[in-house]
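Residue-level structural notes
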Amino acid sequence: MRVYDVIAKKRDGEKLTSKELDFIVQEFVKGKVADYQMSAFLMACYTRGLDVDETSNLTKTMVSSGKQVDLSAIPGIKVDKHSTGGVGDKTTLVVTPLVAAAGVPVAKISGRGLGHTGGTIDKLESIPGFSPYLTMSEFIEQVSKIGIAIIGASKSVNPADKKIYALRDVTATVSSIPLIASSIMSKKIAGGADAIVLDVKVGSGAFMKNLGDARKLAKLMVDVGEKAERKTVAVITNMDEPLGFAVGNSLEIKEAMDTLKGNGPKDLTELCLNLGSRMLVLGGLEKEIGLARKKLEGILSSGKALDKFVQLIEAQGGDSGIIDDYDVLTKAKIISDYTAPNGGYISSIDAEAVGRAALELGAGRAAKDDKIDSSVGIILKRKVGNYIEAGDVLAEIHSNDMDLLDRADTIIDNAISISKEKPEKKELILEEIRINSSPSLRAYYS
Ligand code: URA
């Protein structure tokens, strides 16, 4: 088999066999396919697409490019959760201790942020002392003991995704639906999940900018998951405005703690209960979504989810003093108010632009090896649909540098639109996608 022929076949819109996909991916991981050839192949996938079988076979070969995490020593159904990436999305920080407190074992491998979207590991690392570096046996032991562990991705698991993503990032091929689906699902499957709840974001701050594309991505990931015998459910959620109010690492940790204390923003709390109840059902702890939600509401108000978060922090070396004293977290030197230039209704808050403003301040990485500043970011003070007067504070900008503050201020100025008319309210949770024909799921949802 020749790499050239595989590229040409996809360029001409033909369907690739599992052998061909296996060949090009494994040879690339071994360093035997040049970056320029893989780039051409990825662009052919981008323009011609991959069907369900091809995406599923691509996922399989990516999983087999490295070690697979074996979670079988942990009793119970291991349910993973994944968000396709958004701005202010600190859901994992809330939902994982919440479901762990309910009895779902959480063995979570999370990523770092890239571009305008944040990563769970960066957020957790803003807690003094917290380490995302556990050996695999420490990881499994901690989940068996306290029901939860969150670690960063290991180089030996799914190396194909790391190498392929690095090329996609510089060849304008990130936004291909089958390439995103295979990248996400290969990470989930290699990470050892038995069942998966996917949060597919749609809107200005998401990879998927419209509902049609979000549906395609959700359906494809559910199909790939089910083909790999993982019970998979996707929820499509709105990412037109940031989730919650805080964007930036320490700021998001504070908001997650507020939410675990029952005082979080409405949208974040709602999303965590929604995803969490699906995790409980897939984990076999409840038969019905409504009952699962009631259980989680009880756990949240009892303080048990917060206790689980404390256990997680302490088990991974972090200072759990942050729970009672937020000042333990790093703080930016300058906090500047962005005020409304005129009165009216907030008609939109461009999530991607807010993410970019946070990135400018140093909260994220423009390139893979950039250092991040955990103290900086933005706290929005209002949401879309709120009525405001001229001069009201709409956002706090937390910065360690005056020039960066000015740049972020300009971006925020363009990101927030104010109108005389009250805008139509967009729902947060838009749709659920699952396989109706799957007997296992039918049983869970009947
Ligand atoms: N998130 C991923 O993990 N992979 C992609 O390709 C896009 C978003």
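About the cut-offs
- Residues numbered from 1 in each chain as written.
- Predicted model: local features only at pLDDT ≥ 70, side-chain atom pairs only at ≥ 80, totals over all residues.
- Heavy atoms only, no water.
- Patch = residues over 30% accessible without salt bridge, like charges linked within 9 Å, V, L, I, M, F, W, Y side chains within 5 Å.
- Areas by Shrake-Rupley, 256 points an atom, 1.4 Å probe, with all protein chains shown as cover.
- Salt bridge = Lys/Arg side-chain N within 4 Å of Asp/Glu carboxyl O.
- Lys, Arg positive; Asp, Glu negative; His and termini not counted.
- Charge placed at Lys NZ, Arg CZ, Asp CG, Glu CD.
- Helix = DSSP H or I, 4+ residues; strand = E, 2+ residues; numbered from the N terminus.
- Buried < 20%, exposed > 50% of the residue type's maximum accessible area, 1.4 Å probe, protein only.
- Phe/Tyr/Trp six-rings, centres within 6.5 Å; stacked < 30°, edge-to-face > 60°.
- Lys NZ or Arg CZ within 6 Å of the ring centre and 35° of its normal.
- Near = heavy atom within 4 Å.
- Polar contact = N/O pair within 3.5 Å; in protein donor to acceptor, adjacent residues only side chain to side chain.
- Domains from an automatic or database assignment.
- Contact = heavy atoms within 4.5 Å.
- Buried area = accessible area lost by both parts, 1.4 Å probe.
- Axes fitted to C-alpha atoms, helices over the stretch in contact; angles between N-to-C directions.
- Parallel < 35°, antiparallel > 145°, perpendicular 65-115°, else oblique.
- Nonpolar A, V, L, I, M, F, W, Y, C, P; charged D, E, K, R; others polar.
- Core = buried A, V, L, I, M, F, W, Y, C linked by side-chain atoms within 4.5 Å.

Observations regarding a negative patch on the surface
- Judged by side-chain charge, Glu-314, Asp-319, Asp-324 and Asp-325 come together as a negatively charged surface patch.
- Here Asp-319 lies in the loop between helix 14 (304-315) and strand 7 (334-339).
- Since its relative accessible area comes to 33%, Asp-319 is described here as partly exposed.

Section: the packing of aromatic side chains
- Summed over the entire model, instances satisfying the criterion amount to one aromatic pair.
- Summarising the aromatic geometry, the rings of Tyr-345 and Tyr-387 are spaced 5.1 Å apart at their centres and angled 75° between planes, so their arrangement reads as edge-to-face. Here Tyr-345, found in strand 8 (residues 344-349), pairs with Tyr-387, found in strand 10 (residues 387-388); they are 42 residues apart in sequence, far enough to count as distant.
- Accessibility expressed as a relative area gives 46% for Tyr-387, which makes it partly exposed.
- Lys-163 extends its terminal NZ or CZ atom over the ring of Phe-28, reaching a point 4.5 Å from the ring centre.
- Over the ring of Phe-245 we find Lys-383, and its NZ or CZ is 5.3 Å from the ring centre.

Concerning the site of the ligand
- Lining the immediate surroundings of the ligand are Tyr-165, Arg-168, Ile-180, Ser-183, Ile-184, Lys-187 and Phe-207.
- Contact between the ligand and Ser-183: a nitrogen atom at 2.7 Å from a side-chain N or O atom of the residue.
- Between the ligand and Lys-187 there is a distance of 2.7 Å, counted from an oxygen atom to a side-chain nitrogen or oxygen.
- Bound to the protein, the ligand loses 90% of the 240 Å² it would expose on its own.
- Mapped onto the shell around the ligand, the elements with two or more residues apiece are helix 8 (159-170) and helix 9 (177-190).

Examining the domain arrangement of the protein chain
- Split by domain assignment, the protein chain resolves into domain 1 (3-49), domain 2 (79-324 + 428-444) and domain 3 (330-419).
- Distance from the C-alpha centre of domain 2 to the C-alpha centre of domain 3: 25 Å.
- The interface is formed by 25 residues belonging to domain 2 together with 28 residues belonging to domain 3.
- Roughly 2000 Å² is buried in total at the junction of domain 2 and domain 3, and carbon and sulfur atoms are behind 56% of that figure.

Things to note about the packing of helix 2 (residues 18-29) against helix 8
- Between helix 2 and helix 8, whose axes approach to 9 Å, the crossing angle comes to 85°. Viewed along their axes, helix 2 and helix 8 adopt a mutual orientation that is roughly perpendicular. On the side of helix 2, the interface is formed by Val-25, Phe-28 and Val-29, while helix 8 contributes Pro-159, Ala-160, Lys-163, Ile-164 and Leu-167.
- A class-by-class count of the residues in the contact of helix 2 with helix 8 yields seven nonpolar, no polar and one charged.

Description of the environment of Ser-399
- Residue position: Ser-399 is located in strand 11 (residues 393-399).
- Residue class for Ser-399 comes out buried when judged on its relative accessible area of 0%.
- When the C-alpha positions of Ser-399 and Val-376 are compared, they lie 5.1 Å apart, and in sequence the two are 23 residues distant.

Observations concerning the nonpolar core
- Ranked by internal contacts, the top residues of the largest apolar core, which has 78 residues, are Ile-127, Phe-309, Ile-378 and Ile-412.
- Broken down by element, this core gets its largest block of residues, nine residues, from helix 12 (residues 266-282).
- The residues that make up this core include at least three from each of domain 2 (79-324 + 428-444) and domain 3 (330-419).
- Apart from the residues lying within four places of it in its own chain, the contact partners of Ile-412 are Tyr-338, Val-354, Ala-357, Ile-378, Ala-395 and Ile-397.

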